[in-house]
Amino acid sequence: MPDVSVLRRVLRRVLRRPRIAIPAVILLLELIASFGARWLAPYPPQQADFTAALAGPSAKHPLGTDRLGRDVLSRLMYGGADTFREIAIAVVITLVVAVPLGLVIGLRRGPLDAVLMRTADVVMSIPGIILLLIVLALFAQSMTAAMVVIGLLSVPGMMRVVRSATLTVGRETYVAAARVSGLGTWRVARRHVLPRITGLILVNAALACVGTLLIASGINAIGLGVKPPAPSWGGMMADASQTLNESVWPAIPTGGLIAVTAAALIVLGDGLRDMLAERWSGASAAAPARRRRASGPAVAAAAVPESDDAWLPAEPNPVVRLTGVTVTADTAAGAVDLISDVSLTVGQGRTVGLVGESGCGKSMTGLALLGLLPNGARVSLGTVEIDGVDVGSFDAVKWRALRGGTIAFVSQEPMVALDPLFTIGHLLREAVRTHEKLSRRQATLRARELLTQVQIPDPDRVLKLRPSQISGGMAQRVSIAVALAGRPRILVADEPTTALDVTVQREIVQLLRTIQRDTGMALLMISHDWDVIAEACDTALVMYAGQVVEAGPTDRVMTAPVHPYTRRLLAANPRLAAVGEPIPTIPGTVPPPGQWPVGCHFADRCPDRVDRCTQAPIALTRPGDDVVARCVLAGEELEVSS
Amino acid sequence: MWRTSGMRIVQAVPLLLFVSALTFFLQLFVPGDAARSIGGLNASPQAVAALRHRLHLDQPVWERYWAWLKDAVHGDLGQSISSNESVSGALNTRLGVTLSLVIATTLLALVVGVVLGMAGARGGRATRVTADIASIAGMTVPAFWVGLLGIWIFNTRWGLLPANGYVFFGTSPGGWLRSLLLPVAALAFALVTVIAKQTREQLADVLSRDFVRNLRANGVSERSILFKHALRHVSVTVLTVAGNNLIGLLGAAVVVEELFGLPGLGSAAVTAASSGDIPVIQGVAVYFTLIVVGLNLLLDLAVGRLNPQAVAA
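Description of the structure in this document. Since we're looking at a predicted model, the values are computed, not measured. (Residues numbered from 1 in each chain as written. Chains lettered and ligands numbered in written order. Predicted model: local features only at pLDDT ≥ 70, side-chain atom pairs only at ≥ 80, totals over all residues. Heavy atoms only, no water.)

So, the overall build of chain A
Working step 1: In terms of helices and strands, chain A carries 24 helices and 12 strands.
Working step 2: Against the 2.2 N^0.38 benchmark of 26 Å for 642 residues, chain A shows a C-alpha radius of gyration of 35 Å, more extended than a compact globule.
Working step 3: When the backbone C-alpha atoms are referred to their principal axes, chain A occupies close to 105 × 70 × 55 Å.
Working step 4: By the burial criterion, 51% of the 642 residues in chain A qualify as buried.
Working step 5: Residue pairs in contact within chain A that sit at least 24 positions apart in sequence constitute 68% of those at least 6 positions apart.
Working step 6: Summed over its atoms, the accessible surface of chain A is roughly 28900 Å², and 58% of this surface lies on carbon and sulfur atoms.
Working step 7: Computed over 63 positive and 54 negative side-chain charges, the inter-centroid distance for chain A is 10 Å. (Helix = DSSP H or I, 4+ residues; strand = E, 2+ residues; numbered from the N terminus. Rg over C-alpha atoms; globule rule 2.2 N^0.38 Å. Buried < 20%, exposed > 50% of the residue type's maximum accessible area, 1.4 Å probe, protein only. Contact = heavy atoms within 4.5 Å. Areas by Shrake-Rupley, 256 points an atom, 1.4 Å probe, with all protein chains shown as cover. Lys, Arg positive; Asp, Glu negative; His and termini not counted. Charge placed at Lys NZ, Arg CZ, Asp CG, Glu CD.)

Now the structure itself:
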């Protein structure tokens, strides 16, 4: 006998969840009313009272009466027992057959899996209703026979669900370990897999119950199965349909009860799954985990804006200028800075590189420039100027006019950068016509011209292809062509070569240089690859944990780095490493936004750290003509106030 | 594309064999006298004997199946027991009704579902709650009941639409449309909620993909992103969903035909099921299987046009 206190605890836990308690109580009441109808129903199901036919609800008949004056509530109660029995037959059959099969083929795979999955495909393409009708005809309208068929027809769907969940769980280490240790399939399934997928099975069992309920009541509604005058929920709907001209009332509680029962089943299934999922993750026992507050107030770092950009490497004819830009995101833990106090300028025809490990805010800087920050993130301090115009107050329309035409974008993964459902010709024409009023034919010519510009041989053939039909390198060329369609004055290229082969990388960089030479376009190159920076960029900015830590002409930065991070990052370049020596790495990881230290962001990983590094925010200093760095040591001799 | 279509057609043959065999071999499971079971408890001994004779129940089931199969290959699905008509002849006139119902429902549900789903994707919390409730309602409210309430509102109360019967397109296109409106609406209700939900989820997924950011970054308008790019991705998904729902839709169509007195395949099967007219049900089984295969083929072709990769893969 189960311990009473355990029962009470379970009950209390269930009742605390309205999404379980409410549907459970509804279903429990229905079950009691149905199976206790003989004792609880106010009238026998067949007792007709012709003087009170089609009456609305009253004290005597709480749910009114039907066309023969029979009490609707009583008939619903009597009909309920059959309904629930039918659901139970079908769903128990489905579960008993499908769950073990799904578990076994999910764990063992092999030929049995192949055979059963093929069979499932065939069974699932049978129009099930016709089998039901023939079974009803053959088996003297037996609802039990019909329910067996419904149960069997639902096996393939349930088996697939169990199988795929089992596959997922089976891949987890402890299950694999249990199997390697020689535990039989069946015991692994019962002990390790079944408990994990119980929630999923419950949800699908609830859906199967709903399906059965709807089919069974449908069968009864079309006059098959249960024969009148025996009460059935479906039959009562059919009854009500015959007297609609006189009263709609009897139709309301019958159909309504089916819908309420079905909804209760679905909500209960979902609720139980969620409860089991929580128990599995162990979250319900512990106090609700409150997310840790961001370390250090986000404002502190921004308290020393360096909006004066006099220190920036000189860039003639600036096309874009970021001045002291801080991007802040609203998270559950409060406002968190994603990049802090970033300033940079790119002049016409020039190339500026942003370099650093991933997670340092390089891409975020690029997106801020394009006005495409992710939802919840915004420029909270500083200004973004494009072509001399402050874009801080731009709305969607103004941004769209700017994007593509003045500032364009090429992203990292060329294979996902193009809509796979359209031909390259279509995508290019669309880009061209976004910026110029051209006929379809003119647009095609321009598209062809763009493909030639990005040095694609045989452009006519490529125009007809889809993104999935071309190589990564070619897809990146097409992406560049799309970006060039509006003749932009500056291109933001976010790791344009990272996903490509080494030889293709070089070609793409060369291509961008050629285009710049021909068009005078400016380029902001975001990369973690020093070779790309060296080859493409006039100026290099090194970013670390949301800040610019060093800037200067690329040659100087690479040959005479000042900031310890720059030195470490250069040393970690695999292509500069001596043969036979291990490639040096930087120990530790980049602190994520919200966990930046108050002082130097790199201090934790810096071998040259001194006490001053961790006490206050570090300012950018200018120890030499072409040297800008955010390091207390670099500023020793020549501190320039910022 | 043609390869997949070919596969569909080739796979239809074993499916037809399997379904028709089921309709015969299920008889093996009937306990006791099959003729008595089919005729019902109230049938007279003479009626039972006649039934046994008409259905050839005295022959072994595989012989009967073989004979049926040989005729079926030539398009002869046997005779109805109750009317003596040829089954294929009787069903051919009913095919149009069921096809009209099922195709109109699918098209309506696709259009309305996608529109609602796209509208819902842009809404706030209130829209989301409404959409969630609607999608539960779609799963739980019986089609028969939706039809019932539809009849009450549009026929009994407002007298706008017929509650019963079918007008052939050739007789009066307007009448045809009016006779289909309520049944189609009753059938489409559940499918609309499914498609709206899929649209909402697919839209959220597509709009978060890289290529959408790139389109935005290069100046393509939001309208073009939504109605050209995203809509195409959504279409591929919802056409597949509509295909997966065809079998369920046919099941509901049987009930709805009966409610609205439409002379379709479903109501023929229902009548046959209550009178033990096995050859007619077997005929409807063949027709239903062909409808499922045929409509899935059309949906495949549509998906293939929108997304050639899906077919190439």
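On we go from here.
Regarding the pairing of strand β2 (residues 334-347) of chain A
Regular strands show a simple pattern: their side chains alternate between the two faces of the sheet.
All names here are of chain A.
Working step 1: Burial runs high along β2: 12 of the 14 residues are buried.
Working step 2: Strand direction decides the pairing type here: strand β1 (residues 318-331) and β2, joined by 10 bridges, are antiparallel. Bridge pairing in β2 places Ala-329 opposite Val-336.
Working step 3: Here β1 folds back onto β2, and the loop between the two strands holds 2 residues. (Pairing = 2+ DSSP bridges.)

Points about the interface of chain A and chain B
Working step 1: On the chain B side, the residues contacting the 67 residues of chain A number 66 residues.
Working step 2: Here chain A meets chain B over a buried area of about 5700 Å², counting both sides, of which 74% is carbon and sulfur.
Working step 3: One can count 1 salt bridge joining chain A with chain B.
Working step 4: The partner of Glu-430 of chain A in a salt bridge is Lys-228 of chain B, and the shortest N-O contact between them spans 3.0 Å.
Working step 5: At the boundary of chain A and chain B, one finds 12 residue pairs in polar contact (both at pLDDT 80 or more).
Working step 6: Top element by residues in the side of chain A that touches chain B is helix α12 (residues 251-281) of chain A. It accounts for 10 residues.
Working step 7: Broken down by class, the residue content of the side of chain A that touches chain B amounts to 48 nonpolar, 14 polar and 5 charged. (Buried area = accessible area lost by both parts, 1.4 Å probe. Salt bridge = Lys/Arg side-chain N within 4 Å of Asp/Glu carboxyl O. Polar contact = N/O pair within 3.5 Å; in protein donor to acceptor, adjacent residues only side chain to side chain. Nonpolar A, V, L, I, M, F, W, Y, C, P; charged D, E, K, R; others polar.)

As for a nonpolar patch on the surface
All names here are of chain A.
Working step 1: Taken together, Leu-28, Leu-31, Ile-32, Phe-35, Trp-39 and Leu-40 make up a surface patch of nonpolar side chains, about 660 Å² in accessible area.
Working step 2: Taken together, the elements giving at least two residues each to the nonpolar patch come down to α2 (18-35) and α3 (37-40).
Working step 3: Tallying contributions element by element places α2 first for the nonpolar patch, with 4 residues.
Working step 4: On the secondary structure map, Leu-40 appears in helix α3. (Patch = residues over 30% accessible without salt bridge, like charges linked within 9 Å, V, L, I, M, F, W, Y side chains within 5 Å.)

Overview of the environment of Gly-388 of chain A
Residues and elements named next belong to chain A.
Working step 1: Considering the arrangement of structural elements, one finds Gly-388 in the loop between β4 (377-386) and β5 (389-390).
Working step 2: Classification of Gly-388 as exposed rests on a relative accessible area of 57%.
Working step 3: With 71 residues separating them along the chain, Gly-388 and Asn-317 place their C-alpha atoms 9.8 Å apart.

Points about the sheet that holds strand β10 (residues 547-553) of chain A
All names here are of chain A.
Working step 1: The strand order β6-β7-β8-β3-β9-β10-β12-β11 describes an open sheet built from 8 strands, whose pairing is mixed. Each having just a single partner strand, β6 (407-410) and β11 (621-624) make up the two edges of the open sheet. Strand-to-strand twist in this sheet, taken as the mean axis angle between neighbours without regard to direction, amounts to 20 degrees.
Working step 2: The pairing of strand β7 (residues 490-494) with strand β8 (residues 522-527) spans 5 bridges and is parallel. Residue pairing across strands places Ile-490 opposite Ala-522, the latter belonging to β8.
Working step 3: Contacts from helix α24 (residues 564-571) reach β3 (351-355), β9 (539-544) and β10 within the one sheet, and its direction differs from that of β9 by about 100 degrees. (Axes fitted to C-alpha atoms, helices over the stretch in contact; angles between N-to-C directions.)

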